[in-house]
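# Analysis of the macromolecular model
The residues making up each chain are set out below.
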Amino acid sequence: MIERNGMEWPDFLENWRKLGFNTVSSFPRFWNAKSDGPYKEYLDASRKAGFKVIMNDSAFHEMMRGHKAGSEIFCQIPGETNKVLCPSYRGPYYEKEMERVARCVREGKPDYVFYDIECWHHSAAGASKCTRCQEALKKSGKSMNEFLLDCGSETMRDLDAAVKAGAEQIGIPVPVQGSYNRHGLKPLYGIEDFWRIYPAYISMAQPSLYVAGRARDVHDSIRGNHKLLKNKQIIPWLTAGTYGEFESYKLEQMVLETLLNGARGITYYAYGDFTDSPLDFYYHAKALAQIRPYESLIADGEVLEPTGTNKEMLYSCVKKDGEMLLLVGNYFNATEKTVVKLPFAKVTGITDLRSGEKVDGSPGFEFEVPKSDIRLFYITGQ
């Protein structure tokens, strides 16, 4: 979401908060001396209103901008001109790119930096013929795979250093960094290995979940990453329509599956996918409104793996001491009844958070979940 989207929205900051968002998005890499004044004012107003700022940055894509095939930044292949970004290039344009990132941090003063870097997918093929890579590979004494993963770690190390330098130069805390689609379940991405760059250079897992509303995929990805990381440093990229439009009600399901299986938040790509229907915003806000009173429980509670008698449903739970949230999804149109054994000897209260009604129940809690729908309960017990 570019700055202009927020600046053109009447009473944006008030309405943005009502929709459940607590950050605003910025793209300092697109600023120039003629445009950055209003953008900085917009971000200053956002901070004063209590919002955090995300700096979106496609590092190395910016370095590639304007370079023609055969440029020194691309793989040096005898007899060929190409636009395969060279994984071992560390020349003046690379240094200039690090300076650009530091400048963007100085200008944008972000709390978070979210990278979207997708320019390394052809590096292995290019490096196999690149004279510069072959020379560096020989010096390393490593296999091509290890050499490339080292290159990937170096690029993230240098980006981290650039962000830290920019923050230090203006006296702000070092922004929290994450990178699109880098996560533990699928650790290899281009020339990067998640476990080599986390937590050294990025602070979280950010799985890409452009899954056309399939809540099961969200459930499995967040829970799997939580098991591997053993913490909640997970913010997935969800969507309201990228790679396939879907019914808006599924956004509620995806948001809840994310937050009740071990994530600390969500981010979206892209704003344009929300603008085709107000129902996208509605179901996003509905999900957050239901769990807003239980933010501390979600943040600090233990992620459990409850089961029910109906094995075709999905079960999610966060518990702390004598309270818990239970989410059950009937995404595959199974028969509607199930029984969940609750982790209490005595149940003292059950609230259906979607209706607000009190529900009778016992440690053997029986209820129905309509087909293609969910049930969400707040439960207390001893």
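Look a little higher up for the structure.
Presented here is an overview of the structure given in this document.

Reading the values: rules and limits
- Residues numbered from 1 in each chain as written.
- Predicted model: local features only at pLDDT ≥ 70, side-chain atom pairs only at ≥ 80, totals over all residues.
- Heavy atoms only, no water.
- Helix = DSSP H or I, 4+ residues; strand = E, 2+ residues; numbered from the N terminus.
- Buried < 20%, exposed > 50% of the residue type's maximum accessible area, 1.4 Å probe, protein only.
- Contact = heavy atoms within 4.5 Å.
- Areas by Shrake-Rupley, 256 points an atom, 1.4 Å probe, with all protein chains shown as cover.
- Polar contact = N/O pair within 3.5 Å; in protein donor to acceptor, adjacent residues only side chain to side chain.
- Patch = residues over 30% accessible without salt bridge, like charges linked within 9 Å, V, L, I, M, F, W, Y side chains within 5 Å.
- Salt bridge = Lys/Arg side-chain N within 4 Å of Asp/Glu carboxyl O.
- Disulfide = S-S within 2.5 Å.
- Pairing = 2+ DSSP bridges.
- Axes fitted to C-alpha atoms, helices over the stretch in contact; angles between N-to-C directions.
- Parallel < 35°, antiparallel > 145°, perpendicular 65-115°, else oblique.
- Left-handed = near helix turned anticlockwise from the far one by under 90°.
- Nonpolar A, V, L, I, M, F, W, Y, C, P; charged D, E, K, R; others polar.

## Section: the overall build of the protein
When helices and strands are tallied, the protein shows 14 helices and 16 strands. When its C-alpha atoms are laid out on the principal axes, the protein stretches across 75 × 50 × 35 Å. In the protein, which comprises 382 residues, the share counted as buried stands at 54%. Across the protein, the fraction of contacts at a sequence separation of at least 24, relative to all contacts at a separation of at least 6, is 71%. Counting only carbon and sulfur atoms, one obtains 50% of the accessible surface of the protein, whose full area is about 17400 Å².

## Here's the deal with the side chain of His67
Inspection of the secondary structure assignment puts His67 in the loop between α4 (61–64) and α5 (92–108). Within polar-contact distance, the side chain of His67 engages the backbone oxygen of Met63 at 3.4 Å. When near neighbours in sequence (up to four residues on either side) are disregarded, His67 contacts Ile73, Phe74, Lys83 and Tyr93.

## Some points on a nonpolar patch on the surface
A contiguous nonpolar surface patch, about 270 Å² in accessible area, is contributed by Leu185, Trp195 and Leu228. Here Leu228 shows up in helix α10 (residues 215–229).

## Some points on the state of the cysteines
The final tally for this structure, using the stated rule, is zero disulfides. Of the cysteine sulfurs around Cys133, a residue in no disulfide, the closest is that of Cys86, at 3.6 Å. A relative accessible area of 0% places Cys133 in the buried class.

## Quick notes on the sheet that holds strand β3 (residues 112–115)
Taken together, four strands build an open sheet; the order of strands is β1-β2-β3-β4 and the sheet is parallel. The outermost strands of the open sheet, each flanked by one partner alone, are β1 (23–26) and β4 (176–179). This sheet shows a mean twist of 25° between the axes of neighbouring strands, independent of strand direction. Sheet topology places β1 next to strand β2 (residues 52–57); four bridges connect them, and they run parallel. Note on β2: the bridge partner recorded for Ser26 is Met55. Against the sheet, helix α8 (residues 144–170) touches β3 and β4, its axis set at about 150° to β3.

## A few points about the packing of α10 against helix α11 (residues 249–259)
Following both chains from N to C, one finds α10 and α11 inclined at 15°, their axes separated by 8 Å at the closest point. In terms of orientation, α10 and α11 fall into the roughly parallel class. Like other packed secondary-structure pairs, α10 and α11 cross with a definite hand, here right-handed. For the pair α10 and α11, the contacting residues are Ala215, Val218, His219 and Ile222 in the first and Gln253, Met254, Glu257 and Thr258 in the second. Along the lines of polarity and charge, the residues of the contact of α10 with α11 split into four nonpolar, three polar and one charged.

## Overview of the sheet that holds strand β14 (residues 357–358)
The strands that make up a sheet pair up through hydrogen bonds in the backbone, lying either parallel or antiparallel. In spatial order, the strands read β9-β10-β11-β16-β13-β14; together these six strands make up an open sheet with antiparallel pairing. The sheet is open, and its two borders are formed by β9 (302–304) and β14, each paired with just one other strand. Here α10 sits on the sheet and contacts β9 and β10 (314–320); the angle it forms with β10, its principal contact strand, is near 40°.

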